[in-house]
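Structural features, examined
This is what each chain is made of:
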Amino acid sequence: MASATTVKLVISSEVRLVDVVHSASETMAGIAGFDEDQSLNVGLAVREAVINAIVHGNKRDPSRRVDVVLKARPRSITAQVRDQGSGFDIDAMQDPTSEANILNTSGRGILMMRAFVDDVGFKYREGRGTEVTLKARLKRGRRDDNGGSER
Amino acid sequence: MASATTVKLVISSEVRLVDVVHSASETMAGIAGFDEDQSLNVGLAVREAVINAIVHGNKRDPSRRVDVVLKARPRSITAQVRDQGSGFDIDAMQDPTSEANILNTSGRGILMMRAFVDDVGFKYREGRGTEVTLKARLKRGRRDDNGGSER
Amino acid sequence: MKTTVRTVGEVSVVDLSGKITIGEGDIILRDKVHELLEGGHKKILLNLEKVSYMDSAGIGELVACFKRAREKGGTVKLLKPSGKVEDLLQLTKLWEVFEIFGEEQQAIPSF
Amino acid sequence: MKTTVRTVGEVSVVDLSGKITIGEGDIILRDKVHELLEGGHKKILLNLEKVSYMDSAGIGELVACFKRAREKGGTVKLLKPSGKVEDLLQLTKLWEVFEIFGEEQQAIPSF
Ligand SMILES: Nc1ncnc2c1ncn2[C@@H]1O[C@H](COP(=O)(O)OP(=O)(O)O)[C@@H](O)[C@H]1O
Ligand SMILES: Nc1ncnc2c1ncn2[C@@H]1O[C@H](COP(=O)(O)OP(=O)(O)O)[C@@H](O)[C@H]1O
């Protein structure tokens, strides 16, 4: 397989930098062959991961960094977003669409990630923070469902 | 002075990645307070530096990297673009607007950098490649000329 | 994001354009709805026709506006969400929380 | 970048839209002009009205098209450059190399 086209970004933990990573992700999705709407989906998923890294992981401390690696291959894109935080329990996550939570003003980021890309993985390592890995594959033809995906 | 808002990018030497750095630069110029047209100028200047790093510095070898550091401060932006090439003699540069060169199909990148930002500096260090530093400051009011600039 | 407010009868129609995202659109939206509520304008119709997308912070602010209006005895309704904005309202099931209209002429008398 | 070609009398008018940049717009421009010249169309008017910007590779390709046409006994002229594209033609002094028109009606009979 041809080696992936790779972009690494390092940002300080400021929410106004989210747009930089968002637009880089959209461009990379375009390189991978995604159309405009599919690229926006990738951009939005990466955006949510970066927001979480800045807000929850790094507690908006601008001296902490967020590391992002974007890899475009023909028909697929991978994003890794890593913070310097102390992790969290993904299994404790509440369903933001439940009646109890629907009027909460937060708690929808991971839902969006899972809706907009095919795979979402979380890994926490002591001293290395949380790493979120997002993968999206280009669907063939006009099918809306995602036949061969292992999601 | 407040510390700058910083983004680092590392790309493989592929011209299709130029857009990623271009759009990151435009976003950072916006953060520094530049309007749309001024941000495009910054984007175009950085774009030319990145093209040169990929094409001339790294000879389009995708295994070589281009490192970019963007720093936005209120009313100013700095970009550093570094390749892994063997440098060049900036003083040997020809004037692309002279009669002898006007019909050349290349040679206008540095002219564009100098037109679109206030300062352009080149530094070459053995083993570290060429580093181009671009600086743009926000002009006050509606003045088109660039009064106090040391360009 | 940009907003302009029109008054149609007793309803304040807020035309939004751009994106409702963290640190920018969400704050503009919050401030605008706050201003309307403080000024005694309790019937608020957010026109989303020209909103290209929202992130989770933007969606959260929509909910916050909805709740803040309700606390003050007012209402926030939505007009013409489309594309990604519509997808997001469906995904988050907020489609069932908000009153959503496709036409301004239907939205106005509903207040 | 996108191109469409219209034939007005003996002139091929190429309507360009988007940006003429390295690895994409420059290649599309080269191929389109090459195709026209090979097809015996020697009077080419590039309509730049909807081109938002060019980089040095795009500008270089404009010059390459100009020269290639000349070698084949043809001509490339420019229509309606504006904004950043106009700035760039001035900066590079290519404004004085190309024949440039503000109106198609004036450009067509000039060939
Ligand atoms: N990178 C992270 N580091 C620490 N905690 C996180 C991280 N990402 C998510 N979380 C936790 O998971 C929760 C749910 O995240 P999310 O669905 O994105 O909603 P929101 O960010 O709006 O709360 C967050 O409130 C936070 O407690
Ligand atoms: N990063 C670099 N490494 C090596 N040589 C460079 C670099 N940047 C510029 N040059 C040299 O300077 C020349 C002029 O550059 P420029 O004005 O950008 O025009 P162009 O790139 O179209 O040739 C190039 O042709 C090249 O020889």
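Structure shown above.
Positions within a chain are numbered from 1, following the residues in the order the chain's sequence is written. Here chains are named by letter from A upward and ligands by number from 1 upward, in the order in which they appear as written. Residues qualify for local features only when their pLDDT is at least 70, as the model is predicted, and side-chain atom pairs are given and counted only at 80 or more; totals for whole chains, interfaces and linings, by contrast, use all residues. No hydrogens and no water enter the side-chain calculation; it runs on all heavy atoms of the structure.

This part takes up the interface of chain B and chain D. A common way to report how large an interface is uses the accessible area buried once the components associate. Any two residues having at least one pair of non-hydrogen atoms within 4.5 Å are treated as being in contact. Facing the 22 residues of chain B at the interface are 23 residues of chain D. Summed over both partners, the interface of chain B with chain D buries about 1800 Å², with 69% contributed by carbon and sulfur atoms. By definition here, a salt bridge exists when the distance from a side-chain nitrogen of Lys or Arg to a carboxyl oxygen of Asp or Glu is within 4 Å. One can count 3 salt bridges joining chain B with chain D. Any pair of nitrogen or oxygen atoms within 3.5 Å is treated as a polar contact; in protein, a donor-acceptor pairing is required on top of that, and neighbouring residues in sequence qualify only through side-chain atoms on both sides. Taken together, the links from chain B to chain D amount to 5 residue pairs in polar contact (both at pLDDT 80 or more). Helix numbers and strand numbers start at the N terminus; a helix is a DSSP run of H or I with at least 4 residues, a strand a run of E with at least 2. Of all the elements in the fold, those that place two or more residues in the side of chain B that touches chain D are helix 1 (18-31), helix 2 (36-57) and helix 3 (109-116) of chain B. Tallied by class, residues from the side of chain B that touches chain D come to 11 nonpolar, 6 polar and 5 charged. Buried area is understood as the total, over both parts, of accessible area removed when two parts are fitted together, assessed with a 1.4 Å probe. The nonpolar class holds Ala, Val, Leu, Ile, Met, Phe, Trp, Tyr, Cys and Pro. Asp, Glu, Lys and Arg form the charged class, and all remaining residues, Gly among them, are polar.

Residue and element names in this part refer to chain D. For two strands to count as paired, DSSP must find a minimum of two bridges between them. Here 5 strands make up an open sheet; going across it, the order is 1-2-3-4-5 and the pairing mixed. Both outer strands of the open sheet, strand 1 (2-8) and strand 5 (100-101), are each paired with one neighbouring strand and no more. Pairing between strand 2 (residues 11-20) and strand 3 (residues 43-54): 8 bridges, direction parallel. Note that in strand 3 the partner of V14 across the bridge is L46.

Let us now look at unusual backbone geometry. Phi is positive for K59 of chain A, which is not a glycine, with a value near 50 degrees. When a residue's accessible area, from a 1.4 Å probe over protein chains only, is under 20% of the maximum for its type it is buried; when over 50% it is exposed; and in between it is partly exposed. Residue K59 of chain A is classed as exposed on the basis of its relative accessible area of 60%. Of note, K93 of chain C is a non-glycine position whose phi angle comes to about 65 degrees, a positive value. A relative accessible area of 38% means that K93 of chain C is categorised as partly exposed.

Attention now moves to the site of ligand 1. Residues and elements named next belong to chain A. Close to ligand 1 lie N52, H56, G57, D83, G87, F88, S106, G107, R108, G109, I110 and T130. The side chain of D83 places a nitrogen or oxygen atom 2.8 Å from a nitrogen atom of ligand 1. Here an oxygen atom of ligand 1 and a backbone polar atom of G109 are 3.2 Å apart. Coverage of ligand 1 by the protein chains reaches 81% of its 530 Å² of free accessible surface. Broken down by secondary-structure element, the contributors of at least two residues to the shell around ligand 1 are helix 2 (36-57) and helix 3 (109-116). Class assignment for the residues of the shell around ligand 1 results in 2 nonpolar, 8 polar and 2 charged. Residues are labelled near a given molecule or strand when at least one of their non-hydrogen atoms is within 4 Å of it. Here the accessible surface of atoms and residues is derived via Shrake-Rupley with a 1.4 Å probe, and residues count as covered only by protein chains that are part of the display.

Moving on, we get to the side chain of R47 of chain B. You can see R47 of chain B is positioned in helix 2. Owing to a relative accessible area of 1%, R47 of chain B belongs among the buried residues under this scheme. Separated by 2.8 Å, the side chains of R47 of chain B and D55 of chain D make a polar contact. Discounting residues that sit within four places of it in the chain, R47 of chain B has contacts with V18, D19 and H22 of chain B together with T21, I22, Y53 and D55 of chain D.

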